[in-house]
Amino acid sequence: MNPSITQKERIISLDIIRGFALFGILLINVGAFKILTDDTVIPDYNGMNGIVAVLTDILVEKKFFSIFSFLFGVGFYIFASRAESRGDKPRWRFARRLFALLLIGIIHFLFFWGSILVPYAVIGFLLIPFYRAKVSTISKWLGGLITVHILSLLLVVFAPNMGMFSKIFTFLGNDAITIFIMFLSGFLAAKANWIRKISDLSVQIRWLQIVTFPLFIGFSIWIWFASQGNDQHIQEIIALGTIPTTYLYLSSMFVILENKRMAKLLQPIAKVGQMAFTNYWAQSFIGLAIISLMDLEVVSPINIVIISIIIFTIQIIYSVIWFKFFKMGPLEKVWRFMTYGRNTAAMRK
């Protein structure tokens, strides 16, 4: 989900990363496309299915919607700052954009209960007060939120029986807080103009990777053993590794995409990311159709990977074709109209 900007103004790396994020989200969502009934027996996966399931927990679970959330935060700053440069009211315009997202998300929720659009719209309102904040202020807020979030998760895992406080720590450690942390991370990166200065920040990025890579390895091992032991806190353990892993993924992808040849090679992925709103919506419908055609009662981890690859391949093809004839995706155009109405003057580039 990104603001409407011209091709010259686009930061291609953002579209490519957004495309990869959509694929990661697919790997998590495909299993939820099929609604399970009370009498459905879910197999106890082992062998290759078990390995795929654990690797998904380690490498994908919570990480790619966090990347998507980071990009949403980037998009907020780009959208609001461009609105202000046109003489528009940036916070009011973004609030209207969020209301539009909320309405579209409610419709999507009627078809797919796992839709993230409604939570994104609601949590997105928390970004508005930060628009005028200084980079240093946002950094302090972000550091504080991450600290509270991590400590809360640790307490849930290691001190679960704390009465009323356990509920507070569970709330502070939930996915909604992760989403907002990544919203704020993306907003900070855009406001500080770090995304346009990746090559100038090579030392800082290297240090970020030096810190996050060992954490990624450590949490990966912890998740593996927790999965094998059916640890009841597996989701909290995954959540603990989400922020450092997401920062590692993002920093690595931004550095890789500084290579113009690599960025050009991944242009088809960028097209998927450029119409991310439409593609996110379409995934649930395409996925449900494929699952129905395969007549699957339960979607196994291996089937999830296969179906995800099929869906993403379809989306690459139709996204590339779509942009040969149109400048934006169909849902992006609807979202834009809901944001601006008939005030076309406000939308001029």
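Structure: above.
First, a word on scope: everything that follows refers to the structure included in this document. Keep in mind the model is a prediction, meaning the values are calculated, not measured.

## Thoughts on the nonpolar core
Alright, step 1. Core analysis: the largest hydrophobic core is formed by 91 residues, its most contacted members being Val30 and Ile67.
Alright, step 2. The leading source of residues in this core is helix H3 (residues 63-85), at 13 residues.
Alright, step 3. Setting aside residues up to four positions removed in sequence, Val30 forms contacts with Ile291, Val299, Ile304, Ile307, Ser308 and Ile311.
Alright, step 4. Membership of the second largest hydrophobic core comes to seven residues, among which are Val54, Ile223, Ala226 and Ile238.

## Let's talk about the packing of H3 against helix H10 (residues 234-256)
Alright, step 1. At their nearest, the axes of H3 and H10 sit 9 Å apart, and the two run at 60 degrees to each other. Considering their axes alone, H3 and H10 lie oblique with respect to each other. Pair H3 / H10 crosses with right-handed handedness. Facing H3, whose interface residues are Lys63, Phe64, Ser66, Ile67 and Phe70, H10 presents Ile238, Gly241, Thr242, Thr245, Thr246, Tyr249, Leu250, Met253 and Phe254.
Alright, step 2. Classifying every residue of the contact of H3 with H10 by side-chain character gives eight nonpolar, five polar and one charged.

## Quick word on helix H1 (residues 12-33)
Alright, step 1. Under the 1.5 Å per step criterion, the end-to-end length of H1 is 30 Å for 22 residues, consistent within 8% with the ideal 32 Å.
Alright, step 2. Of all the bends in H1, the largest measures some 40 degrees and sits at Leu27.
Alright, step 3. Buried residues dominate H1, accounting for 17 of its 22 residues.

## Observations concerning unusual backbone geometry
Alright, step 1. Here Asn230, not a glycine, exhibits a phi torsion of approximately 50 degrees, which is positive.
Alright, step 2. Topologically, Asn230 is positioned in the loop between helix H9 (202-228) and H10.
Alright, step 3. Positive phi, normally seen in glycine, also occurs at Asp295, with a value near 55 degrees.
Alright, step 4. When you line up the elements, Asp295 lands in the loop between helix H13 (276-294) and helix H14 (301-325).

## Things to note about the side chain of Thr242
Alright, step 1. Along the chain, the position of Thr242 falls in helix H10.
Alright, step 2. Non-local contacts of Thr242, meaning those with residues more than four positions away in its chain, are made with Glu61, Lys62, Lys63, Ser66 and Thr178.

## Concerning the side chain of Ser166
Alright, step 1. Structurally, the position occupied by Ser166 is in helix H7 (residues 164-172).
Alright, step 2. Look at Ser166 and you get buried, because its relative accessible area is 15%.
Alright, step 3. Only 2.8 Å separates the side chain of Ser166 from the backbone nitrogen of Met162, close enough to count as a polar contact.
Alright, step 4. Ignoring any residue separated from it by four or fewer positions in sequence, one finds Ser166 in contact with Ala159, Pro160 and Asn161.

Each value, and the rule that gives it
- Throughout this description, residue numbers start from 1 for each chain and increase along the sequence as written.
- Predicted model: local features are reported for residues with pLDDT of at least 70 only, side-chain atom pairs are reported and counted for 80 or more only, and whole-chain, interface and lining totals are derived from all residues.
- Only hydrogens and water are set aside when side-chain values are computed; all heavy atoms of the structure are taken into account.
- What we call a nonpolar core is a set of buried Ala, Val, Leu, Ile, Met, Phe, Trp, Tyr and Cys residues that are connected through their side-chain atoms within 4.5 Å.
- Exposure is judged per residue with a 1.4 Å probe applied to protein chains only, and the accessible area is read against the type maximum: over 50% gives exposed, under 20% gives buried, and values in between give partly exposed.
- Strands are runs of DSSP state E lasting at least 2 residues, helices are runs of H or I lasting at least 4, and numbering of each runs from the N terminus.
- Contact between two residues is taken to exist if any of their heavy atoms lie within 4.5 Å; hydrogens are not considered.
- Every angle, taken between N-to-C directions, lies between 0 and 180 degrees, and every axis is a line fitted to C-alpha atoms, over only the stretch in contact when it is a helix.
- Angles below 35 degrees are treated as roughly parallel, those above 145 as roughly antiparallel, those between 65 and 115 as roughly perpendicular, and all remaining angles as oblique.
- By the definition used in this description, the sense in which the near helix is turned from the far one sets the handedness, with an anticlockwise turn below a right angle giving left-handed and a clockwise turn giving right-handed.
- Here the nonpolar group is Ala, Val, Leu, Ile, Met, Phe, Trp, Tyr, Cys and Pro; Asp, Glu, Lys and Arg are the charged ones; every other residue, Gly included, is treated as polar.
- One less than the number of residues in a helix, times 1.5 Å, gives the span that helix is expected to have.
- Note that the bend at a residue is defined as the angle between axes fitted to the seven residues ending at it and the seven residues starting at it.
- Between N or O atoms, a polar contact is any pair within 3.5 Å; within protein, one atom must be a potential hydrogen donor and the other a potential acceptor, and residues adjacent in sequence are included only when both atoms are from side chains.

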